[in-house]
Every structure is written in structure tokens, then in C-alpha cells.
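Structure at a glance
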Amino acid sequence: MIHAAFLIPILPLAGFAVLFSLGRRLGNPLAGWLATAMVAASFVVTVIVFVALFQQAPAHREFTQSWFTWFGAGRLRVGAGILVDPLSMTMAAFITGVSSLIHLYSIGYMKHDEQFPKFFTYLNLFVFAMLMLVLADNFVLSFFGWEGVGVCSYFLIAFWFERDEAASAGKKAMIFNRIGDAGFLVALFLIFERTGSFEYTTVFSRLGHVGTPSLVAIALLLFLGAVGKSAQIPLFPWLADAMAGPTPVSALIHAATMVTAGVYLMCRINPILHLTPDAAHVIAWVGAVTAFVGATSACAQNDIKKVLAYSTVSQLGYMFLAAGSGAYVAAIFLMLTHAFYKALLFLGSGSVIHAMDEDQDIKNMGGLARLMPITGVTFLIGWFSIAGVPPFSGFWSKGDVLQNAWAVTPALWVIGAVSALLTAYYMGREYFLVFLGERRWTEARPVADGHGKELGHGLHPHDPSWHMSLPLVVLATLAALGGFIDLPFHPNLVFLERWLDPVVGPSLLQTHFSVGQEWLFSVVDAVIAVTGVLVAASVWRASSSRPALEPRFLFMAWFVDRGEDRLVARTSTALANFTATVVESRIVDGAVNGVADLTRWSGERLRRIQSGYVRNYALGLVAGLVVLVAYVLVRVGS
Amino acid sequence: MTGSTAILASMAAHLLAAGGIAMPRIDYTAILPELILLGGMLVLVLVSSLSPRPLPTEAYATATVGIGIASLVASLVLWRDVSDHGPFTAVARAVNVDGFGVLFLVLVSCILVVAPLLAAGHLRREGVGGCEYYVLALISGSGAMFMATANDLVLIFLALEILSIPLYILAGFDHLRESSGEAAMKYFVLGAFSSAIFVYGIALTYGATGSTNLAQIAAFLARNVVTSDGVLLGGLALLLVGFAFKVAAVPFHMWTPDVYQGSPTPATGFMASMAKAGGFAALLRVFVTTFPTLRGTWQPAIWVIAVLTLVLGAVVALVQSDVKRMLAYSSINHAGFVLLGLQAATARGVAGSVFYLFTYSFLVLGSFAVVSAVGGKGDERHGLERYRGLGRRQPALAVTFAVLLLAQAGAPFTTGFFAKFYVVEAAVSAHSYALAAVAMGTAAVAAFFYLRLVFLMFSDVGRTIPTHEGAATGGTPTDTLEMPSAGGVATLVAAPVAALVEVAEPDPAIVAVSPWVAAGLVLCVATTLVFGVWPQPLVDFAHQATLII
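Analysis parameters
Residues numbered from 1 in each chain as written. Chains lettered and ligands numbered in written order. Predicted model: local features only at pLDDT ≥ 70, side-chain atom pairs only at ≥ 80, totals over all residues. Heavy atoms only, no water. Helix = DSSP H or I, 4+ residues; strand = E, 2+ residues; numbered from the N terminus. Buried < 20%, exposed > 50% of the residue type's maximum accessible area, 1.4 Å probe, protein only. Contact = heavy atoms within 4.5 Å. Areas by Shrake-Rupley, 256 points an atom, 1.4 Å probe, with all protein chains shown as cover. Patch = residues over 30% accessible without salt bridge, like charges linked within 9 Å, V, L, I, M, F, W, Y side chains within 5 Å. Salt bridge = Lys/Arg side-chain N within 4 Å of Asp/Glu carboxyl O. Core = buried A, V, L, I, M, F, W, Y, C linked by side-chain atoms within 4.5 Å. Phe/Tyr/Trp six-rings, centres within 6.5 Å; stacked < 30°, edge-to-face > 60°. Buried area = accessible area lost by both parts, 1.4 Å probe. Nonpolar A, V, L, I, M, F, W, Y, C, P; charged D, E, K, R; others polar. Pairing = 2+ DSSP bridges. Axes fitted to C-alpha atoms, helices over the stretch in contact; angles between N-to-C directions. Parallel < 35°, antiparallel > 145°, perpendicular 65-115°, else oblique. Left-handed = near helix turned anticlockwise from the far one by under 90°. pLDDT = per-residue confidence, 0-100.

**Focus on the overall build of chain A**
When its secondary structure is counted, chain A shows 23 helices and 2 strands. Per-residue burial over chain A gives 56% buried out of 638 residues. In chain A, the proportion of contacts linking residues at least 24 apart, taken out of those at least 6 apart, comes to 79%. Accessible surface for chain A amounts to roughly 25,000 Å². Of this, 67% is attributable to carbon and sulfur atoms.

Listed below in C-alpha cells is the structure:
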């Protein structure tokens with residue numbers, strides 16, 4: 001059954017191909033159903049392969065399926081093939097699972113969009129690229145997937161490209177990712193130069209022959225790629241702007257799957273990180289600081305999706321903190337649970353945005369819990385999960401990360417714990433402002449459908465259709481119970497750790513805490529979470545405006561975006577202007593035009609040989625013959 | 001009369017009895033692709049003379065495509081044979097069935113599959129559709145095939161003539177147009193002249209080595225040190241002139257612009273692909289396998305010819321205002337690139353040249369087909385200005401042409417990129433750095449005139465261009481031309497063809513594209529793009545081009 005693994009990426013690709021050629025004809029909603037069915041089928045195959053892999057002995061849970069040689073030159077051979085192992089199958093399972101739910105949700109969410117088939121075309125292409133990224137058996141094919149998800153992200157952020165905001169957000173995401181991708185590319189060159197291969201298994205088996213400086217360079221350059229893709233400091237501003245895309249896109253690409261690609265990459269290269277503790281420390285610290293900056297910035301946002309965007313930045317920081325601490329299982333564990341609760345929160349916010357008629361300002365909401373019970377309850381579960389309230393999933397996964405951070409250095413734990421407190425607080429703020437308290441909206445306000453068209457009826461918030469509710473309920477269940485796949489108390493309960501052991505086991509940081517210490521950590525985590533929830537309740541239950549708690553520098557996300565704009569963007573623009581006006585037009589153009597004029601001049605001279613008379617042509621032939629014969633006769637003489 | 005016939009008959013009987021002429025045992029499977037072409041050609045002639053009413057040109061085109069496919073299958077079977085059991089010689093060792101030769105059999109068959117599709121629309125439009133065009137193409141193709149597999153200079157000469165004479169006629173095929181006749185005349189006179197030189201080269205070589213069989217010549221040269229034999233070297237020089245004329249290398253290229261411009265446009269594309277394939281096949285075989293010991297002498301000569309060919313082709317193409325003439329010079333530039341592989345004289349170089357010819361054939365066939373369509377009735381409007389705004393008027397056609405031009409310029413993600421890459425790589429690995437640099441430089445110059453045309457197509461500065469909307473009111477909205485699709489795959493194939501097809505000309509600016517031409521163009525573009533993204537199969541295929549003696 002493992003050999004069916006090739007179907008996992010092929011099914012969404014087939015969906016893309018059909019939608020690409022026939023999408024318009026299938027129309028709304030058939031195109032959406034086809035896309036959903038393809039991804040769901042891919043999920044079923046994944047589960048089958050997953051089970052088949054599970055039945056193997058742990059030491060034999062690694063299969064490579066080579067398809068064909070993609071390209072080659074000299075000793076370079078880049079194959080197209082997939083690596084089936086516990087890590088890639090875990091990724092594939094949650095990607096296809098969450099994607100299926102979000103596809104289903106999108107059928108309802110995008111119901112009124114004119115570009116309905118196109119949306120699902122991109123979505124299927126995205127799932128294909130994401131699966132290639134995680135299933136590839138070599139770096140180059142992963143990079144193919146990496147760029148594939150990047151371009152789909154661009155298409156989907158800028159999906160409503162007629163809005164300036166969306167178009168420029170797409171560009172911004174692209175440019176920020178280019179910076180990271182440059183690092184990834186250079187890392188690829190280095191890897192091949194040092195090991196002579198791109199295949200994961202081969203590269204990792206040859207690490208002994210690679211010097212430490214090269215390994216550090218490879219690790220940090222790949223991390224640079226991850227920083228871009230996973231929105232870490234300093235390349236995170238694009239993720240907040242990316243919220244201009246449709247909400248299902250934010251849930252799927254900018255929360256659950258694509259942005260975690262960087263974390264996956266770090267886990268995949270765990271044999272390299274294991275040999276380069278310095279690089280790992282850099283990763284851990286960048287992650288911790290990002291977690292803090294993201295969490296603080298989320299505290300002062302008023303856009304329902306921007307709160308979640310900065311929250312994603314912060315949660316991704318936790319994942320890097322874990323990966324950098326050598327706790328790859330914790331990183332994957334948090335990635336899984338985060339995919340559940342963050343997708344849930346985004347889909348919930350999409351439901352709210354629909355209900356509030358495209359208004360995303362949480363200051364204009366309030367009191368929605370009674371009107372939208374399903375959304376309200378599932379959002380509450382999402383909040384408790386991300387806050388780390390026991391026994392919801394976030395409690396277990398975040399606890400795991402923090403414990404491992406403590407084992408590296410308590411300083412990292414402190415940053416993480418403060419951020420955890422803030423997490424519980426800012427999500428509480430959002431929950432209270434949106435779902436509880438007084439209604440700060442009126443039913444009579446004019447209603448538009450988001451494209452400026454008057455719908456002509458009042459505002460009556462209500463729960464969405466079943467396409468959208470069902471994913472909310474499923475995800476809420478997963479967010480609530482997802483933590484039980486890796487319980488810390490007893491060696492028999494760490495299912496995820498034992499499952500991933502063949503891939504990351506040897507590189508794993510060995511933390512030894514007694515059961516008493518484990519309990520202590522858990523209690524502290526729980527106290528932090530509950531404190532955050534209570535603080536949020538006390539502050540935001542009654543009032544909707546506390547300027548002192550929403551300082552401008554947090555609203556502006558520590559001015560990182562603006563600072564980078566001033567420092568990098570404007571200086572590059574100035575440099576570009578200089579090269580364009582001075583270097584290009586005077587020096588380069590001068591040389592080029594000179595050569596071009598010379599070429600053209602000689603062309604004009606040479607064309608005159610072409611008289612049109614056969615006798616002249618024959619003469620030319622004879623002249624060439626004479627020169628040639630003279631040449632060989634000279635050779636004879638010598 | 002009867003007396004002389006009797007004498008002849010008795011002489012023949014006498015000769016046979018005395019064993020003066022031994023009939024060789026002919027292994028028909030070894031020359032099956034050629035036989036399929038010639039047999040198919042005879043069937044076409046028979047059908048056309050026996051049918052009560054003149055058949056439409058599309059019927060002959062279809063039949064020719066079928067014949068081409070049949071010979072493609074036969075060639076592939078031979079290829080399997082060669083890769084399984086190794087190369088062999090046949091027909092009294094005059095035919096050499098090796099990896100190299102069989103690849104050219106495949107290439108020629110491919111050309112014969114695509115070319116008829118691209119010609120059908122033109123022939124109907126110009127009212128010269130009959131079986132003759134296709135018959136001539138098939139004969140010419142069989143000549144090119146024999147050139148590729150010939151193992152004897154005499155057979156090469158015969159094949160050269162079988163290849164060339166139909167091309168002379170094809171050049172003058174459009175008898176209603178004066179310039180077509182002029183092109184045929186020029187091509188014929190100069191071709192005959194160069195053939196004479198070639199035969200003289202054979203004679204000198206025979207005189208110096210005592211054989212016309214390539215293997216025996218090579219064996220003789222391996223046994224005897226004859227590096228300073230004037231007769232042999234003179235023969236070599238004359239052979240080179242003959243080949244260089246055929247493949248349009250400078251300074252033996254001068255017929256090319258006039259003939260390419262005057263010939264019916266699809267015939268030009270056919271001529272460019274077929275003559276180059278046949279000519280280079282024999283040139284590579286003769287020089288790389290037969291005269292490797294004289295490499296020190298001919299490599300510098302090829303070096304000079306390659307540089308001249310590369311530079312002149314690119315530079316003069318720059319100042320042309322007629323697209324056909326521009327493409328003629330560009331084909332000279334391409335010939336220079338193929339010469340890079342010969343100059344390297346290594347297995348890698350030969351594989352690079354073969355790869356180049358494979359990709360170039362599709363590019364040049366497709367390009368001239370587009371030119372034929374845009375030229376309109378009368379096949380005369382080939383000025384650069386004619387292409388301004390084509391991207392607005394007929395986006396599918398313009399995109400097709402753009403792809404083919406960019407591939408010729410060597411843009412990545414097209415086969416043209418890999419073609420240039422592999423020959424330049426071969427030159428570099430043979431330490432011909434200067435030649436490689438010149439080639440790259442001319443590629444940059446050439447990119448200019450390809451891109452200028454692409455730019456013209458997609459710009460409409462300062463002119464009001466009738467748009468599709470205008471055309472639609474004329475009664476032929478393009479949307480209705482979409483073919484009904486049975487399924488996804490069918491649509492993937494049919495959609496681009498349907499997008500290319502233009503039936504009527506409600507507006508003089510819109511040119512007609514028949515479904516046949518559209519199908520041929522889709523084939524050309526598909527090979528260009530598919531193998532441009534995934535070149536490995538074609539590269540592996542070209543690396544099978546091992547020459548044996």
C-alpha cells in the first residue's frame with residue numbers, strides 16, 4: 001500500500017489540470033466540489049499509506065520512490081521522487097486533512113465570488129506544491145515545492161487584485177520571500193559542492209566529510225530561507241499584509257501549512273543542526289524573540305485577521321524555538337496543534353467577517369456569541385487551545401516547547417512564558433471584543449457585498465451554511481483533543497515522539513525531567529494561561545477602548561515594517577535610480593549602443609555582397625574553395 | 001533499335017555471367033524507413049493519377065503524415081534493434097545502421113510528420129495543391145535518410161542529389177510567382193555547381209586512398225601516414241565545400257537568402273530543416289569517423305568557417321527588413337552553432353549537434369509556417385511592419401511565434417536553450433574557448449532581432465489596430481470556434497489548436513490559419529516547451545548518437 005504514495009501529490013495536480021482547462025465550464029459550485037474531492041481523496045490515500053507505514057517495524061519506516069530523472073549535467077543528477085517516512089507522512093496527513101476542510105469551507109465562503117473556479121484552481125495547485133515540498137526525496141524537488149507554494153501564495157494573496165491593497169500585499173510577500181529564497185539557493189549550491197548530492201539520505205550520510213564552517217553556513221542559509229517563508233524576524237511584515245487575501249487562504253496558507261514549511265525544513269535537516277549547535281542557538285533565539293514580538297504586536301491590533309496574523313508569527317517563533325533547541329518532536333507537535341486551532345480561528349473569523357458584512361474591525365463588533373452560537377463556541381475552543389488552557393491541545397504542545405527551552409537555557413523559557421501569557425491575553429481581548437459585551441453595530445447600517453454593491457437589507461449576523469460550519473466543528477474537536485497524541489507523563493503516552501523517532505531520534509535533545517518536575521512545569525503553564533485569560537476578561541469584558549493598553553508602537557509592530565522600508569527599500573530605490581540614470585544610461589548604454597552601432601554598420605556593409613546575381617554567388621563559392629584548397633596545400637608543404 | 005537493345009541485353013547477361021557485377025544481398029529491413037517513404041510516394045502518385053476528381057490537398061497531407069508516422073515507427077524499431085544488438089552494416093556495406101544514423105532516420109520522419117500539416121494551408125490558399133508537393137517532400141526525405149546512413153561516398157553523392165533535386169523543384173513550386181522560379185533557378189545552378197565540386201572531391205579521395213567506402217578509407221588512413229598527401233587533402237577540401245554549400249555555411253551560403261526568400265514559405269521551412277539534417281548528418285559522419293587522423297588539418301578550417309558562419313548570419317540578419325530573409329540569415333547563424341559540435345569532434349560534440357538539429361528542425365518549420373500564414377494570399381507580405389500588433393489581433397498566433405522565436409534565441413525553458421548549451425559546452429570541453437565565446441556573442445546579437453520581432457508583435461504604438469471585437473461583428477466570433485470537448489485530455493490538446501485556428505478574413509489584418517497548420521504549430525510549440533522544461537529524454541536520445549566506422 002505504501003507504493004500508492006505517488007497518488008498523494010498527483011491527485012491535487014490532476015484536480016488542478018482539470019480545473020485549469022475546464023474550470024469555467026464546471027462553474028460554481030461544481031469546481032469547488034471537484035477540488036475538494038481531489039484533496040479529500042489525497043487525504044484518504046495518505047491515511048492508507050500512513051497506516052501501512054505504521055505496520056512496518058520502526059527501523060524500516062523509510063521508503064524512497066523514484067519516479068524519473070528530472071535533469072542532469074555532469075555528475076549532477078536530480079531525480080523526481082518521494083521520501084515516505086514518519087515525518088513526511090505526518091506532514092502530508094495534516095496538510096491534506098486540513099486542506100480538505102478548508103476546501104469545503106471555501107465552497108461556502110467564496111459562493112458569491114465571480115472567480116470561484118479560479119480560486120479552487122489555485123488552491124489545488126497549492127496543495128500539490130505543498131505536498132511536493134514535504135514529500136520530496138531531495139532538496140531541489142523540495143525547493144520546487146517551496147517556490148510552488150510561494151507563487152500560489154502570491155496568486156491567492158492578490159486574488160482580489162483589483163484592490164490596490166491586495167495587489168501590493170501579494171508583491172510584498174513575493175519580495176520578502178525572494179530574500180529568503182536566495183539563502184535557500186546558495187545553501188543548495190553549497191550542499192552539492194560539499195556532498196555531491198541533493199538527496200536527503202545521501203547528503204545526511206556524507207555529513208562527516210563536510211567541515212563545520214560549511215555546515216554552519218548551510219544551516220544558517222537554509223534558516224534564512226525558513227525566515228522568509230515562515231515570517232520570522234526580520235522578514236515577517238509580509239504576513240500581516242497577506243491578510244488581504246480571502247480568509248480561507250489565510251487559514252490554509254498563512255496559518256496552517258505554507259508558513260510552517262520553514263519549520264519542516266529545519267526538522268528535515270536535523271542531522272545538520274545536530275552537528276552545528278551554534279547555528280541551532282541562533283535559530284532558537286530568533287524564534288524566541290519573534291514569539292515575543294509577534295505576541296506583543298497582536299495585543300494592539302484592531303483588525304480581526306491581523307490579530308491572528310501576528311499570533312501566527314508568534315506561534316511560528318515558538319516552533320523555531322523548539323527546533324533550535326533540538327526538540328524537533330515538540331516543533332512538529334506544536335505545528336500540528338497550531339494547524340488545528342489557528343485554522344479554526346481563521347475560519348471562525350471568516351464566518352464573523354461574512355456575518356459582519358466584510359467589516360473586519362473588532363471595535364465595531366461585540367455580542368455575537370448569542371447570534372452565532374457555533375462560531376462562538378468553536379472560537380472559544382480555539383482561544384483556549386492557543387492560550388494553553390488545560391486540557392486543550394495548545395497546553396500540551398506549548399508546554400513541551402517551553403520545557404525543552406528551559407533545558408537549553410532558562411532565559412529562553414522566560415521569553416517563551418511571557419509570550420504565552422500575552423497569547424492568552426490577546427486572544428481573550430479578541431474574543432471579548434467580538435463575541436461578548438455590548439453590540440457596537442447597528443442593524444440598520446447600509447450593507448454592501450464587499451464589491452460596493454448594495455444588497456439592500458439590514459445586518460442580521462447568523463451562523464454560516466453547513467459547508468462552513470462543519471469544518472469549524474471538526475477543527476474545534478481536533479483543537480480540543482489534539483494534545484493527546486503526545487502526553488508527557490508516561491513513556492507509553494508519547495505517541496508522536498515514538499512515531500517520529502526514526503527520523504529525528506538521534507538528533508533529539510535529551511531532556512531529563514522527573515515526573516515531579518513535569519507536573520511543576522504543567523502547573524506553571526496552566527497558571528500562566530489562566531492568568532492571561534482572567535486578565536483579558538477583567539480588562540475587556542466591560543470596555544472596548546483602553547488606549548493605554550494599545551500603544552502605537554505595538555500597533556505598528558515595533559515599527560519593523562516602516563524601519564525596513566526606510567532602511568532597505570528607500571536606499572535600494574535611491575541606488576536603483578542612480579544606476580538607472582547615471583550608470584545605465586551613460587556608461588552601459590553608451591557601450592552597448594556603440595557595439596550595436598558597429599554591428600549594424602558592418603551588417604549594412606556585408607549585405608551589399610548579396611547582389612542577387614548568380615554569377616557573383618558562384619564567384620563567392622569559388623573564392624571560398626580557392627582559399628580552402630590553398631590552405632590545405634600549405635599544410636601539405638609544411 | 002532492336003539490334004542495339006539486343007546488344008545491350010547480351011552485354012548485361014555477359015557481365016552478370018562473368019561475375020563483373022555482383023548483385024549485393026539487400027537487407028530490406030535496414031532500409032525500411034527509406035522504402036516506406038518511396039513506396040508511400042509511389043502510392044500517392046498512383047492515387048492522384050487514378051482518382052477521377054482532384055483530391056483536396058489535405059487528403060495528400062494526411063496520407064503523407066501517415067507515411068511519415070509509418071517510417072517513424074520503422075525507424076524506432078531499427079533504433080531498438082541497434083540499441084539491443086549493436087550497429088550493423090548492410091547492402092554490401094554501403095549502408096551503416098548505427099545509433100547516429102538511426103537518430104537521423106527518426107528526425108527525418110518527424111519532419112515528414114510535421115511539415116505536411118504546415119504546408120497544407122499554404123498550398124490550398126495559393127491554389128497549387130496537388131500531390132506533387134508531398135511526393136517531392138517524401139523523395140527528398142528518403143535522400144536525407146540515405147545521407148545519414150550511407151557508408152560510401154558514392155552513395156552519399158547519390159543521396160545528396162536525391163535530397164537536393166526535389167528541393168530545387170519545391171523552391172520553384174509556386175509557379176504563379178516570379179520570385180519562386182528565380183529562387184529555384186539560382187538554387188539549381190549553384191547546387192549543380194557545388195555537386196560537381198563534391199564529385200571531384202570523391203574522385204580525389206578515391207585516388208588517394210583507393211576506396212570510396214568510408215570504413216575502408218578510414219582503415220587505409222589508419223595504416224598509412226598520409227598527412228601531407230596533396231591529393232587526399234585536396235579531396236577533403238572539395239568534400240567540405242560540397243557539404244558546406246548544402247548546410248549553408250559561410251562563404252558557401254550566398255544562395256540562402258535569395259532562395260529562402262523566393263521559395264514558397266512552407267517549402268523554405270522544409271528546405272531549411274531537411275537539407276540541414278541530411279547535410280550535417282553526412283558531414284559529421286564523414287569528417288568525424290572517416291578522417292579523424294586528419295583532424296589537425298580540418299579542425300582549423302571548420303573553426304574559421306564556424307566563426308564566419310556565426311558572425312555573418314547574426315550580423316546581417318540584424319539589418320534585414322524582410323522576415324523571410326531575416327530567418328534565412330538566422331538559419332546561417334544556427335548552422336554555425338551546429339558546426340561547433342563538429343569542430344569539437346568529440347562524442348559530446350556530435351551529440352550536441354544532433355540535439356541542435358532535432359530542436360532546430362521544429363523551430364524553423366514552425367517559424368516559417370507562421371510567416372506563411374501572416375504573409376497572406378500571394379505569400380508576399382513579409383515586411384517586419386506586417387507583424388506590428390499581431391499580438392492584439394491574433395494572440396494565439398503571436399504567442400506561438402514568440403515561443404518559436406524565443407527558442408531560436410536560446411531562451412531558457414525552451415529546447416533552444418539546451419541546444420545552444422550543449423554545443424557550447426562541447427566546444428568548451430574541447431578547449432575551443434574562443435569559438436565558444438564567439439558563439440555566445442552572436443547569440444546575443446541574434447537575440448536582438450528575434451526579440452525585436454516579438455516586441456513588434458506585442459506593441460501597437462501609434463496605430464489603430466482592428467481588434468477581435470471588430471472581427472467578431474464581421475460574423476466569425478472566435479469563441480464559436482472552440483471545439484467540443486469529450487474530456488479534459490481532449491480539451492488540453494484541442495484547445496490550443498482551436499485557439500490558433502482562424503477561418504475567414506473579415507478584416508484584411510486578420511490572417512487565416514487552417515486547422516492543419518494550427519495542429520502542426522501546436523506540435524512544434526509543444527516539443528519546444530515540453531523538452532525545454534524536461535530535456536532529459538531528448539538529451540539521452542541524442543547521446544545515443546554514437547558513430548561507428
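**What to know about a nonpolar patch on the surface**
Residues and elements named next belong to chain A. Where nonpolar side chains cluster on the molecular surface, the patch consists of Met1, Phe43, Val44, Val47, Ile48 and Val51 and spans about 500 Å² of accessible area. The topology assignment puts Met1 in the segment before helix H1 (7-54). Using a relative accessible area of 62% as the deciding quantity, one classes Met1 as exposed.

**Observations concerning the nonpolar core**
All names here are of chain A. Among the nonpolar cores identified, the biggest contains 214 residues, and Phe139, Leu222 and Met266 are the most heavily contacted of them. Among the elements that make up this core, the one with the highest residue count is helix H14 (residues 328-355) (20 residues). Met266 has contacts with Leu222, Phe223, Ala226, Leu273, Ile283, Phe320, Ala323 and Tyr328, leaving out every residue within four places of it along the chain.

**As for the packing of aromatic side chains**
Counted by the stated rule, this structure contains 60 aromatic pairs over all chains. With centroids separated by 5.9 Å and ring planes inclined at 75 degrees, the aromatic side chains of Trp406(A) and Phe521(A) adopt a geometry described as edge-to-face. Of this pair, Trp406(A) sits in helix H16 (residues 393-408) while Phe521(A) sits in helix H20 (residues 515-540), placing them 115 residues apart in sequence. Residue class for Phe521(A) comes out buried when judged on its relative accessible area of 10%. Relative to Tyr450(B), the ring of Phe449(B) has its centre 4.8 Å away and its plane inclined at 50 degrees; by these criteria the two rings are tilted. Judged by relative accessible area, Phe449(B) falls into the buried class, the value being 0%. Its relative accessible area of 1% is what places Tyr450(B) among the buried residues. Among the aromatic residues, ring-to-ring pairing joins Phe116(A), Phe119(A), Phe120(A), Tyr122(A), Tyr154(A), Phe155(A), Phe159(A) and Trp160(A) into one connected group.

**Things to note about the interface of chain B and chain A**
Facing 46 residues of chain B, the contacting portion of chain A comprises 34 residues. Buried surface at the junction of chain B and chain A, summed over both partners, amounts to about 3,400 Å²; 71% is from carbon and sulfur atoms. The largest per-residue losses of area from chain B upon contact with chain A belong to Met254(B), Val319(B) and Gln536(B), which jointly make up 18% of the total buried on that side. If you look at where chain B meets chain A, you find 0 salt bridges. Mapped onto the side of chain B that touches chain A, the elements with two or more residues apiece are helix H7 (178-209), helix H9 (230-246), helix H10 (255-262), helix H12 (295-318), helix H13 (323-344), helix H18 (433-457) and helix H20 (488-500) of chain B. Partitioning the side of chain B that touches chain A into residue classes produces 28 nonpolar, 12 polar and 6 charged.

**Details of the pairing of strand E2 (residues 76-84) of chain A**
Walk down a regular strand and you will see the side chains alternate between the two sheet faces. E2(A) sits mainly inside the fold: 7 of its 9 residues count as buried. Following strand E1 (residues 63-73) of chain A, the chain reverses through 2 residues before pairing antiparallel with E2(A); Gly74(A) in that reversal takes a positive phi of roughly 60 degrees.

**Quick notes on unusual backbone geometry**
All names here are of chain A. Residue Pro29 is bonded to the preceding Asn28 through a cis peptide linkage, with omega at 5 degrees. Along the chain, the position of Pro29 falls in helix H1. With omega at 5 degrees, the peptide bond leading from Ile233 into Pro234 counts as cis. Here the phi dihedral of Trp558 falls at roughly 60 degrees; this positive angle occurs in a residue that is not glycine.

**Remarks on the packing of helix H12 (residues 277-298) of chain A against helix H13 (residues 304-324) of chain A**
Residues and elements named next belong to chain A. At their nearest, the axes of H12 and H13 sit 7 Å apart, and the two run at 160 degrees to each other. On the basis of the axis angle, H12 is roughly antiparallel to H13. Every pair of crossing elements has a handedness; the one defined by H12 and H13 is left-handed. Contact residues: Ala280, His281, Ile283, Ala284, Gly287, Ala288, Thr290, Ala291, Gly294, Ala295, Ser297 and Ala298 in H12; Val307, Tyr310, Ser311, Val313, Ser314, Gly317, Tyr318, Phe320, Leu321 and Gly324 in H13. Across the contact of H12 with H13, the residue classes break down as 13 nonpolar, 9 polar and no charged.

**Quick look at the pattern of salt bridges**
As enumerated under the stated definition, the model contains 22 salt bridges over all chains in all. The partner of Arg570(A) in a salt bridge is Asp565(A), and the shortest N-O contact between them spans 3.6 Å. A residue is classified by how much of its surface remains accessible, and Asp565(A), at 33% relative accessible area, is partly exposed. For Arg177(B), the salt bridge identified is with Asp174(B), shortest N-O distance 3.0 Å. Across this residue pair, the class does not change: Arg177(B) and Asp174(B) are buried. Salt bridges sharing partners connect three or more residues here, namely Asp174(B), Arg177(B), Lys324(B) and Asp379(B).

**Comments concerning the confidence of the model for chain B**
Residue and element names in this part refer to chain B. On average, residues of chain B score 87 in pLDDT, and 88% of them are at 70 or above. Confidence drops under a pLDDT of 50 for residues 462-488, and excluding neighbours within four residues, the segment shows 38 contacts in the predicted structure. Here the complex is predicted with pTM 0.64, and the ipTM for its interfaces comes to 0.83.

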